[in-house]
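This is what each chain is made of:
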Amino acid sequence: MENRRSPMLELVDIHKSFGDVEVLKGISSSIEKGELLTFVGPSGCGKTTLLRIVGGFTPATSGRVILDGQDISSLPPNMRNTKMVFQSYALFPHMNVRKNIAFGLTLKKWSKTEINKRVDEMLELVHMEGLGERHIDQISGGQQQRVALARALALGPKVLLLDEPLSNLDANLRVVMREEIRKIQEQIGITTIFVTHDQYEAMSISDRLLVLKDGVIQQIGSPVEIYEKPANEFIAGFVGYVNILNGKINERANGSNTFKISTTYGDIEIDSEREDIGDGDEILVVVRPESLSLKKPNSAQKLNGIKGTVLTHMYAGNHSKYSVKVGDKNIVVDQHNPKDSPRYQHNDTVELLIPRNAHILKRQ
Amino acid sequence: MTEVAINPVNRGWWYSVRAYVNKNLVNIFAGGLFLVLAIFLVYPIAAVLIKSFWGDDGLTFDFYREFFTYNFYYWSLINTLILGLSTMVILLVVGFCFAYLTTRGPEWLRKPLKIVALLPLAAPPYIFSISLITLFGRNGFINNLFNFDFNIYSWVGVIAAQCLAFLPLSYMMIENVLNSLNPSIEETAADMGATEYKIIRSITIPLAAPGLLKAALLVFVMTIAEFGNPAILGGRTPFLAPDTYLMITGEGDFNMASVLSVILILPCVVIFVLHNYVLKGKGYATIVGKATPTEKKEIIPGIKIPFMIITFAVGLLVVMSFVVILVGSFVKIVGVDNTFVMDHIVNTQSNTAIYNSIKVSLAAGFFGAIVGTLLAYVIMRGKFFGRHAMEMMALSGFALPGTVIGVGYIIAFNNPPFLLTGTIWIIILNCVFRFLAVGVEAGISKLHQISIEIEEASADLGADFLTIFFRIILPIMFSAFIAGFIYTFMTTMMSLSSVIFLVTPGFDLASVYIYLTAQLGELGLASATTVKVIFIVAIGMGILKIIARKTGFDVSKKQGA
Ligand SMILES: Nc1ncnc2c1ncn2[C@@H]1O[C@H](COP(=O)(O)OP(=O)(O)OP(=O)(O)O)[C@@H](O)[C@H]1O
Ligand SMILES: [Mg+2]
């Protein structure tokens, strides 16, 4: 097994200002060998800037970039063992596919046969066999993407940097290329940073996500963690729909992980291992629509049920989407829909069950 | 559609006429414009062509035979080509250095270098003859200072003056090319391990090559057509443009002048065709999707230093030229007798020439802008056959050497029905039609921005053509109108090569007066008049910019096009 302890790439307290504007405000993170990490966040949050700092194209105002144990912060791009694929692909339009891929190898003074062998390998890797002699304007957008990828990989970098590589492709091709990139990445096990502003793209391709907003890391975690255990309200709303209820900790039973919480809609109990939340704290209960369930009122189970009225019901085959009015709030519920399962209509009074494992957040 | 049928017949004949005119006005205008272009552009050029084949005894090739027999003639062709080629090569290098530094160089250097590179635009090209004579002439300031025995009336002088004069053209085109390259491409090459030399050689220059070639060709055409610098500094070396003038003023030989003109046109036509057909659309569209804003990186000293030496040396000459012209207007003789005098500035002849030039330039600007706007509209919105030909004709004035059109005008308008020789109108018309291109192109690009649907919508609302033209199109095209006006005004103010054939004794224009005084070595008068021209062009630009700002149209982007 690989030594999972020492990261391939480490970012240490990176700051970056353009003039008076601080775009990155202290970014620290690390990436394991072979991992695919995405930088994701709204437009202008500093993803490209951070990636360019890793690649050596933009100097950081302060902070360090450490590659495989070596501080590379002050090295120019060509001296770093990282290679970048630009959003615009930046293919050399006056060279054919082969020459593009071979460019870096030629500079490294590889022999002709070695270069040819390597270029063939790369063409095969990106499924472009036989297209080597084509000119750049004679291949499609997706193929250009592949060439850019092959060109960056030809030099065998330790870290591959991809800046929104799919944004110039149409919707169908994006999905295909996304899977393709992931497959190639896993096949050769290259450590990769992938920049995107598309949450779903990020969720589906990454081992872990680094969510940026306003130059600050909001959360680093696996797709499951980001979805199920968002670190704050922004992250909670970042992927998919989420219901948020305000509450207050009444009591944390000593030594136990059970929180007694009072909300304006009734009292509930939630199990959580969070240590930073205690008696009297204002909190948010975060529940995804599919984690809630609806029951007829007066059903046997009293605990964790709050009363509401069905506003709308949308039947969507495998599930039903309800909007339920609870006090002044509309709660969205996705109910799994096996045959003959109970369904509710407009104005029905229902009981909404909050799962005991719902996520809680401290209110800011 | 409205259900209330309106029968035109009920509205009487006047309605029918209006309806007809309304429907066909664009084509009616087009017909008029074709006629005007034919008379004032095609006919003079045709007249030159005919004159070169038509002697006293009818059709003959004698004049061409003569041209290729006597070395005095054919050497002027060879010299002209040498001049064009050397200026082209030098300016390609110098322009590239300037453009590289202003697009990729250190931040503090970009603005000043750009200003210096564009500075010659504010002055007529022959300013550099005067400044070089003042600096390096027989009594030249620098020659005296360092005891040089350097003769500026030579190849070196002509080439230097031409390079300085056409630096902005070369710079603007190359800068444009370098700016249009996707910065990520150069970054990728650096990422792959290429040094900056390698990047320039194997990425930047190959990618810029089509654009560089276009720039070079344009510089070549402009230099071989230039009259002032070779005429003033050429000494005994024959060049085509000045020789054409001598052929007419000295020998009164219109046939030979026409032959020289045709010979001068040929390379221009070849290059015009290359430029517009062979090279059109060539080049690499390197920006796909979003290009990342890049931070300037340090250029390595091995490139920065030589580029800086070249640009600083050339820049210094440009700045010194302006300084010397300014100083020269207020002292007796720069470097020889530095007493302050006002004689040059208040000289009556000089002021009369300036006054004449303003009058001519305002008229040319006004008519040029009208014709240019109309042409643009008709070319873009008309549906008649020959729109392309019309556009070509309109733009050709720009591509043809001024001396040729000058010769054409004296030949064409010397006899009834178009007897214009000796009037101020021949000068005005000459300038209107030579400088049409910018007004037309500004208008066309403006019309590209506005959808024809605006016009269709107003027609739908019930406006007829004239209403649409005056209420919708003219206001929208006002900025193009102003651009045409400014450009024609400025270029007429400075133009020499064509008008020198058309002025009559006693009616001098500023440019002609500058040329004549420079020839006679009256550098003080030449400098003072040049300063006034620069000043007026600057004021004119200022005023028109204010008007443009008040009306909310930005014209500044169109300058120097
Ligand atoms: N060279 C630069 N000079 C000045 N400001 C810059 C520069 N590059 C980026 N910025 C600013 O830094 C901020 C972050 O930019 P960056 O390109 O990193 O955002 P991003 O997250 O990649 O956005 P997008 O999703 O739109 O690509 C933006 O506000 C941008 O305007
Ligand atoms: Mg970006």
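Fair warning: this is a prediction, and the values are worked out from it, not measured in the lab. (Residues numbered from 1 in each chain as written. Chains lettered and ligands numbered in written order. Predicted model: local features only at pLDDT ≥ 70, side-chain atom pairs only at ≥ 80, totals over all residues. Heavy atoms only, no water.)

Turning our eyes to something else, we now look at the domain arrangement of chain A. Residues and elements named next belong to chain A. Examined at the domain level, chain A breaks down into domain 1 (7–237) and domain 2 (241–362). Measuring from the centre of the C-alpha atoms in domain 1 to the corresponding centre in domain 2 gives 40 Å. At the interface, 10 residues of domain 1 touch 8 residues of domain 2. Carbon and sulfur atoms supply 57% of the area that domain 1 and domain 2 bury against each other, a total of about 700 Å² over both sides. Where domain 1 packs against domain 2, one counts 0 salt bridges. Applying the counting rule to domain 1 against domain 2 returns 4 residue pairs in polar contact (both at pLDDT 80 or more). Per-class residue counts for the side of domain 1 that touches domain 2 are 5 nonpolar, 2 polar and 3 charged. (Domains from an automatic or database assignment. Contact = heavy atoms within 4.5 Å. Buried area = accessible area lost by both parts, 1.4 Å probe. Salt bridge = Lys/Arg side-chain N within 4 Å of Asp/Glu carboxyl O. Polar contact = N/O pair within 3.5 Å; in protein donor to acceptor, adjacent residues only side chain to side chain. Nonpolar A, V, L, I, M, F, W, Y, C, P; charged D, E, K, R; others polar.)

The next subject is the confidence of the model for chain B. All names here are of chain B. Scored by pLDDT, chain B has a mean of 85; 89% of the residues are at 70 or more. By mean pLDDT, helix H20 (residues 452–460) is the weakest element of chain B at 67, and helix H13 (residues 301–330) is the strongest at 95. The low-confidence segment residues 1–6, where pLDDT is below 50, has 1 contact with residues more than four positions distant or belonging to other chains. For the stretch residues 553–561, pLDDT sits under 50, and the model shows 19 contacts to residues farther than four places along the chain or on other chains. Two numbers describe this predicted complex: its pTM, 0.82, and its ipTM, 0.76. (pLDDT = per-residue confidence, 0-100. Helix = DSSP H or I, 4+ residues; strand = E, 2+ residues; numbered from the N terminus.)

Our next topic: the environment of Asn78(A). Relative to the assigned elements, Asn78(A) resides in the loop between strand S5 (70–71) and strand S6 (82–85). Sequence separation between Asn78(A) and Met8(A) is 70 residues; the distance between their C-alpha atoms is 18 Å. If we ignore the near neighbours within four places in the chain, the residues touching Asn78(A) are Lys83(A), Ala190(B), Asp191(B) and Gly193(B).

With respect to the secondary-structure elements, Glu121(A) resides in helix H3 (residues 112–125). For the pair formed by Glu121(A) and Val350(A), sequence separation is 229 residues and the distance between their alpha carbons is 62 Å.

Let's shift gears to the interface of chain B and chain A. Across the contact, 25 residues belong to chain B and 30 residues belong to chain A. Here chain B packs against chain A, burying approximately 2,300 Å² in sum over the two surfaces, 62% of which is carbon and sulfur. Linking Arg52(A) and Glu187(B) is a salt bridge whose minimum nitrogen-to-oxygen distance equals 2.6 Å. Remark: the boundary between chain B and chain A carries 5 residue pairs in polar contact (both at pLDDT 80 or more). Those elements that provide at least two residues to the side of chain B that touches chain A are helix H8 (183–191) and helix H9 (196–225) of chain B. With 7 residues, H8(B) is the single largest residue contributor to the side of chain B that touches chain A. The residue makeup of the side of chain B that touches chain A, split by class, is 11 nonpolar, 9 polar and 5 charged.

On to the domain arrangement of chain B. Many authors give the size of an interface as the accessible area that is lost as the parts come together. Residue and element names in this part refer to chain B. With domains assigned, chain B is organised as domain 1 (33–60 + 342–561) and domain 2 (70–287 + 307–335). Opposite the 38 residues of domain 1 that make contact, domain 2 presents 39 residues. Put simply, domain 1 and domain 2 have 0 salt bridges between them. The tally of links between domain 1 and domain 2 comes to 5 residue pairs in polar contact (both at pLDDT 80 or more). Secondary-structure elements contributing two or more residues to the side of domain 1 that touches domain 2 are helix H1 (12–53), strand S1 (54–55), helix H14 (343–346), helix H16 (387–399), helix H17 (402–412), helix H22 (510–519) and helix H23 (523–550). Of the residues forming the side of domain 1 that touches domain 2, the biggest block, 8 residues, is contributed by H23. The residue makeup of the side of domain 1 that touches domain 2, split by class, is 26 nonpolar, 11 polar and 1 charged.

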